[in-house]
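Fold and geometry: a report
Now for the letters of each chain:
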Amino acid sequence: MWTTLASMMGIWAFSQSLLTAVFPPELRYVTLKFIHRICNWFSAYCYYDITEIDGVNTNELYNAVQLYLSSSASITGNRLSLTRGLNSSNITFGLSNNDSLIDTFNGVKVLWEHIVTPRNSQTFSWRPLPEEKRGFILRAKKKDKGIVLTSYLDFVMEKANEIRRKNQDRLLYTNSRGGSLDSRGRPWESVPFKHPSTFATLAMDPKKKAEIMADLLDFASGESFYQRTGRAWKRGYLLYGPPGTGKSSMIAAMANYLGYDIYDLELTEVHTNSELRKLLMKTSSKSIIVIEDIDCSINLTNRKNNNSSSGGSSNSNSYNVSSPPAQGSGGEENGGNTLTLSGLLNFTDGLWSCCGSERIFVFTTNHIEKLDPALLRSGRMDMHIHMSYSSFAALKILLKNYLGYDEDDVEKKILEKLEDVIEKAEMTPADISEVLIKNRRNKDKAVLELLETLRIRGERNHHHHHHNSNNNNAVKSSVEDEEQEKRALVESPKEGVDDQLLEAKCDMEEKGGHDANDDEKVL
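Below: a short report on this structure. Numbers given to residues run from 1 along each chain, matching the order in which its sequence is written. Where totals are concerned, whole chains, interfaces and linings use all residues; where local detail is concerned, this predicted model gives features only for residues with pLDDT of at least 70, and gives and counts side-chain atom pairs only at 80 or more. Processing note: side-chain calculations cover all non-hydrogen atoms of the structure and skip hydrogens and water entirely.

In this section: the sheet that holds strand β11 (residues 234-240). Pairing between strands requires that DSSP locate at least two bridges from one strand to the other. Helical segments are the DSSP runs of H or I of at least four residues, strand segments are the runs of E of at least two, and each set is numbered from the N terminus. Read from one edge to the other, the open sheet built from seven strands follows the order β10-β9-β12-β13-β16-β11-β17, with strand pairing classed as mixed. Both edges of this open sheet fall to β10 (189-192) and β17 (383-386), since each of them pairs with a single strand only. Averaged over all pairs of adjacent strands, the angle between strand axes in this sheet comes to 20°, irrespective of strand direction. Note: strand β9 (residues 171-174) against β10, four bridges, orientation antiparallel. In the sheet register, L171 faces β10, and the bridge partner there is P192. Throughout, a contact is declared for two residues whenever any of their heavy atoms are within 4.5 Å. Simply put, an axis is a line fit to the C-alpha atoms, just over the touching stretch for a helix, and the angle between two N-to-C directions goes from 0 to 180 degrees. This element, helix α11 (residues 341-349), spans β11, β13 (287-291) and β16 (359-365) of the sheet and lies at about 135° to β16.

See the structure below:
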């Protein structure tokens with residue numbers, strides 16, 4: 001047996017050397033490639049490689065697939081890879097090395113396989129590469145190739161972005177350095193955004209809240225609509241009303257509802273239009289750009305009022321920033337360090353506003369009448385939201401938030417009294433919240449003290465309005481008297497002028513008579 005085995009090994013070695021001599025490596029490579037192509041021709045599957053690194057850049061599709069498969073791997077996988085990213089509060093599941101997973105999309109089954117192999121000797125690169133080569137192999141049937149390359153991969157990217165927003169904590173950005181860049185070339189500084197406000201806790205009319213939420217959902221899911229209509233994928237909201245009515249809480253609720261980051265733009269730190277454009281270019285998609293108290297941070301009052309008061313001599317399109325301008329910030333309109341109304345309008349609705357997608361602009365003000373009409377028109381501020389005093393519906397939400405009271409937990413008589421005085425009191429949600437917080441340990445006392453506070457505030461407002469009405473009547477009567485005096489002055493001048501002319505004529509005649517007598521005496 002050993003002799004036979006030795007003979008066969010000798011024959012195999014001879015045959016191998018013969019094949020090497022007859023068939024060179026190039027011919028063998030072509031033959032194997034041809035055989036492989038024939039096998040692929042008759043195979044029912046096609047394969048796609050998705051590598052972690054594409055050249056020197058990171059492959060975004062690889063990261064998206066890894067996030068997408070984490071939702072399925074956590075359910076069906078037996079061996080998982082656990083990760084937790086920066087600024088993330090959740091743990092992400094993923095496929096382990098050289099593991100596979102079957103996924104289904106619209107009745108189409110695909111196989112994902114995670115391949116990890118050692119990297120060969122590292123060649124020259126501008127940055128160090130990982131020691132392992134990582135990638136995914138996607139196997140699908142050839143008949144499903146069109147669905148996989150279009151709809152399925154788009155679905156994977158959208159699902160990955162949704163998981164990323166859900167796992168990653170939202171950030172609050174500010175431009176504390178104006179438009180200047182830091183060492184990493186970024187003009188924004190960020191902190192984690194932990195505001196707990198939601199639409200469920202927002203003290204507002206439920207119908208109005210539902211309208212705003214529906215509008216936000218239509219915007220977030222309207223990419224195809226904006227592309228079809230040729231509009232930039234952005235939307236503007238103007239929040240106006242008295243202080244303490246929940247404008248900042250509304251912004252936080254919008255961010256938590258959509259999962260967007262917030263960019264708090266401080267206009268007093270921006271000195272030129274170019275700085276404003278740089279800040280806009282460095283904002284990310286799926287974000288809310290906020291300018292709070294815009295009527296206080298920059299002079300954007302109504303140009304008609306400015307023109308009427310100044311006689312139209314000043315430039316109505318240029319407004320100086322309230323803070324002192326920075327030194328050496330470059331030349332702009334009006335001598336350098338000024339931010340113009342046209343720059344702000346282009347920021348919200350011009351060509352530069354289209355450098356990103358899925359962004360929301362939110363302006364807040366306590367005095368909407370002070371803003372220029374060009375800033376308020378549709379296309380810049382698409383939806384105007386009036387944050388008014390607390391209504392009865394908003395009051396019930398506040399009782400639920402701070403005391404845990406539903407409508408049935410409060411006595412019917414007290415509830416009716418609250419409903420009668422809430423509109424007359426004109427109290428903001430912040431004022432009502434302070435009364436409830438102060439007495440939250442004794443809920444019944446809190447309700448009674450709130451009722452008394454609302455009653456006192458309502459009576460005071462009633463006397464105040466009555467006093468103002470009397471003053472208005474007095475002012476109106478005085479104005480009417482002044483108008484009557486003006487009419488009298490307008491009608492009387494004609495008679496006065498005739499009397500003056502008659503007196504002047506008599507004086508001339510007398511003077512002429514005396515002069516004639518004097519002439520006679522001289523003669």
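And the narrative resumes.
Any Lys or Arg side-chain nitrogen found within 4 Å of a carboxyl oxygen on Asp or Glu counts as a salt bridge. For the coordinates displayed, the defined rule picks out seven salt bridges. With a closest N to O distance of 3.2 Å, E449 and K438 form a salt bridge. Separated by eleven residues along the polypeptide, E449 in helix α16 (residues 443-491) and K438 in helix α15 (residues 429-438) bring together distant segments of the chain. Overall, K438 belongs to the exposed group, its relative accessible area being 55%. Close ionic contact of E452 with R455 constitutes a salt bridge, the shortest N to O distance being 2.2 Å. With E452 and R455 both in helix α16 and three residues apart, the pair spans about one turn of that helix. Each residue is assigned to one of three classes by its accessible area relative to the maximum for its type, calculated with a 1.4 Å probe on protein chains only: buried under 20%, partly exposed between the two thresholds, exposed over 50%.

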